[in-house]
Amino acid sequence: MPFAITQSCCSDASCVEVCPVDCIHPTPGEPDFGHTDILYVDARACIDCGACADACPASAIKPIEILRGGEEVFAELNAAYYAERPDRAVAKEQTHARVRPGVPTGLRVAVVGTGPAATYAARELLAATDADVSFLDRLPVPGGLLRAGVAPDHGETKRVGDTFSWTYEHPRTSLFMNVEVGRHVSHAELLEHHDAVVYGIGAPEDRRLGIEGEDLDGVHGSTETVSWYNGDPEVPGDAIRVDGARVFVVGNGNVALDIARILLSDPDRLAGTEIADHALEAIRRGDVREVVLFGRRGPEESAFTRPELLTLPDGIELVVEDDAVTAAALDAAAPGSKAALLADRRRVRSDWSSEPGPGRRLVLAFGRRVVAAHGDGSLASVTVSGPDGDVEAPTRLLVSSIGRRGRAVPGLPFDADRGIIPNADGRVVDPATGEAVPGAYVVGWAKRGSTGGIGANRICAGETVTTLLADAAEHRLTRPSRSGRAFARLLRKRQPDLVQAPGVRAIERHEVDAGRASGRPRVKLVTVEELLAAGRR
């Protein structure tokens, strides 16, 4: 009974490392690693040992015989990957940090952020050395984008967080939540108490559309929208208004598909997830019947992945906006391409000036751009430019999903054009001088830009930690002048609402217990005040 890898694959290569017959590809070291939608099991070589399924942090690997509920397509996708690549040479590379001889004992490293990239980096440090790790996060609860970015109905993907608990609860880990670097503590002060600082702060800001009316109420970035339905305390419950039948989304990547799927889903289906209660109620009241995803280019250049498109829930019809250019691209689509996935979908000619019809549908509209948003304080309509010219279409909600960018950290250089902290292999570099910033490192989207999913962050973290440990071995780090206890005292003085490990555990118990009582994975606390109150218990 061979296995197949399904939609929730995080591509962090944990399964590759334990496979005894090298039947999972692509592996780190192969050219297409990091460029495929998921990893794939070769059913012809699989010996049904189950080691990969045990190691998978996202529960994405399942026996083919038990695939149900639309997951059967993944058996075909896994097989198709090998049909196109009949001869493979195994080219594994080490995915963990490489430890050089001479790394001093007793390192203390501050890790800013608690999302996947930051946590993978901490895990590497704890596993490879005897270092002590201090986690800092501006929110009272850890998780980063795993908590606030993964769609609430992707529960198996969120299970990656179970593997992070080992890192948070490790005896050499200290948690300092509800602390903001630059406000409660400076970068220089972090280095007074630590040998090095690793920044895994992600890319928290949306890229702007650069159009007239972008600042109207009703125009939102995907980051804000996703954070809203995930219950991020930094986004108020009334931030997003869902009160129109049609919603427009600029972009057609996985995040855009997530937003469309959540807005179009049956609220009763969402009620069994960890979606924020305020978002569930807004979606229930709003009755969105159509979401249109605009892509500037053609269907062959779609940004979504195949697993995300192929697993839309029942009750949502996927259609393609018809025009001569799109039709030609679909009719000429190469087998196995993204365009080929859409070739047999129903093609429609929409009248966006009228209300959508009955039912719920997701419309992919290619070769189109939103060029302006209109309204008196609040969004009333948008101008869409496409193959048939400009069209003005009424709507109350426009979401931009065209990428994210990082945010500057006080005391560190920042590349405003690329939206990242400038670095070389994770070592922060001052672009003005080309010199390394002593003791400063970066990982994840803040390091490389907002590309790659959860698994890519594991490989990225290994590279950064390898660089850090090489610097430690070559005595490029300055040993801290103050102790770890002094650091804890400093933060307690600066932030009276500091949340540490007991508070984090109390918040976790509160949310999980509330979820168990209502038949959900958890019920999230969605304000800082609620989180702090639960932490104090």
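Residues numbered from 1 in each chain as written. Predicted model: local features only at pLDDT ≥ 70, side-chain atom pairs only at ≥ 80, totals over all residues. Heavy atoms only, no water.

*Asks:* A description of the nonpolar core should follow, citing residues and the corresponding values.
*Replies:* Judged by nonpolar contacts, the single largest core of 64 residues is most densely connected at Ile5, Ile24 and Leu468. The contacts of Ile5, once residues within four sequence positions are left out, are Ile24, Ile38, Leu39, Tyr40, Val41, Ala60, Ile61, Phe74 and Asn78. Counting 41 residues, the second largest nonpolar core, distinct from the first, contains Ile240, Ala279, Leu280 and Leu312. (Core = buried A, V, L, I, M, F, W, Y, C linked by side-chain atoms within 4.5 Å. Buried < 20%, exposed > 50% of the residue type's maximum accessible area, 1.4 Å probe, protein only. Contact = heavy atoms within 4.5 Å.)

*Asks:* Describe the layout of surface pockets, listing the residues and the values that go with them.
*Replies:* Any empty space left between the atoms is revealed when a probe the size of a water molecule rolls over them. When its volume is computed, the second largest pocket comes out at roughly 660 Å³. Lining the second largest pocket are 26 residues, and of these Gly161, Asp162, Ser165, Glu508 and Arg522 sit closest to its centre. Every element with two or more residues in the lining of the second largest pocket is listed here: helix H5 (145-148), helix H6 (155-158), helix H7 (160-168) and helix H19 (501-518). Class assignment for the residues of the lining of the second largest pocket results in 11 nonpolar, 5 polar and 10 charged. (1 Å grid on protein atoms, 1.4 Å probe; cavity = no way out; pocket = protein on both sides within 12 Å on 5 of 7 lines; lining within 4 Å. Points joined across faces, edges and corners; volume = space filled by probe spheres on them. Helix = DSSP H or I, 4+ residues; strand = E, 2+ residues; numbered from the N terminus. Nonpolar A, V, L, I, M, F, W, Y, C, P; charged D, E, K, R; others polar.)

*Asks:* Summarise the sheet that holds strand E17 (residues 381-386); cite the residues concerned and give the values.
*Replies:* Taken together, the 3 strands give an open sheet; going across it, the order is E16-E17-E18, and neighbouring strands pair in antiparallel fashion. The strands lining the two open edges of the sheet, one partner per strand, are strand E16 (369-374) and strand E18 (389-394). Each neighbouring strand pair of the sheet contributes to a mean axis angle of 25°, computed without reference to strand direction. Judged from the 5 bridges that link them, E16 and E17 form a sheet pairing that is antiparallel. Bridging from a neighbouring strand, Ala373 pairs with Val382 of E17. (Pairing = 2+ DSSP bridges. Axes fitted to C-alpha atoms, helices over the stretch in contact; angles between N-to-C directions.)

*Asks:* I'd like a rundown of the pattern of salt bridges, residues and numbers included.
*Replies:* This structure, assessed with the given rule, holds 44 salt bridges. Between Asp497 and Arg536 there is a salt bridge, with its nearest N and O atoms 3.1 Å apart. Note that Asp497 is positioned in the loop between helix H18 (484-494) and H19 and Arg536 in helix H20 (residues 528-536), a separation of 39 residues in sequence. What makes Asp497 partly exposed here is its relative accessible area of 33%. Close ionic contact of Glu508 with Arg522 constitutes a salt bridge, the shortest N to O distance being 3.0 Å. Within this pair, whereas Glu508 is found in helix H19, its partner Arg522 is found in the loop between H19 and H20, the two being separated by 14 residues in sequence. Looking at Arg522, the relative accessible area reads 14%, which means it is buried. Among the charged side chains, a network of salt bridges with common partners joins Arg147, Lys158, Glu274, Glu508, Glu511, Arg522 and Lys524. (Salt bridge = Lys/Arg side-chain N within 4 Å of Asp/Glu carboxyl O.)

*Asks:* Describe the packing of helix H4 (residues 116-128) against helix H17 (residues 454-473), and please don't skip the residues or the numbers.
*Replies:* Where H4 meets H17, the closest approach of the two axes is 8 Å, and the angle between their N-to-C directions is 45°. For the element pair H4 / H17, the angle class is oblique. With respect to the hand of their crossing, H4 and H17 are arranged in right-handed fashion. Contacts from Pro116, Ala117, Tyr120, Ala121, Arg123, Glu124 and Leu125 of H4 reach H17 at Ile454, Asn457, Arg458, Ala461, Gly462, Val465, Leu468 and Leu469. (Parallel < 35°, antiparallel > 145°, perpendicular 65-115°, else oblique. Left-handed = near helix turned anticlockwise from the far one by under 90°.)

*Asks:* So, the packing of helix H9 (residues 222-229) against helix H10 (residues 254-264): which residues are in play, and what are the values?
*Replies:* Orientation of H9 relative to H10, taken along the N-to-C sense of each, is 45°, at an axis distance of 11 Å. Taken together, the axes of H9 and H10 lie oblique to each other. Of the two elements, H9 crosses H10, and the hand of that crossing is left-handed. The residues of H10 that touch H9, namely those facing Ser222, Thr225, Val226 and Tyr229, are Val255, Asp258, Ile259 and Ile262. Residues belonging to the contact of H9 with H10 are distributed by class as follows: 5 nonpolar, 2 polar and 1 charged.

By themselves these figures say nothing about function.
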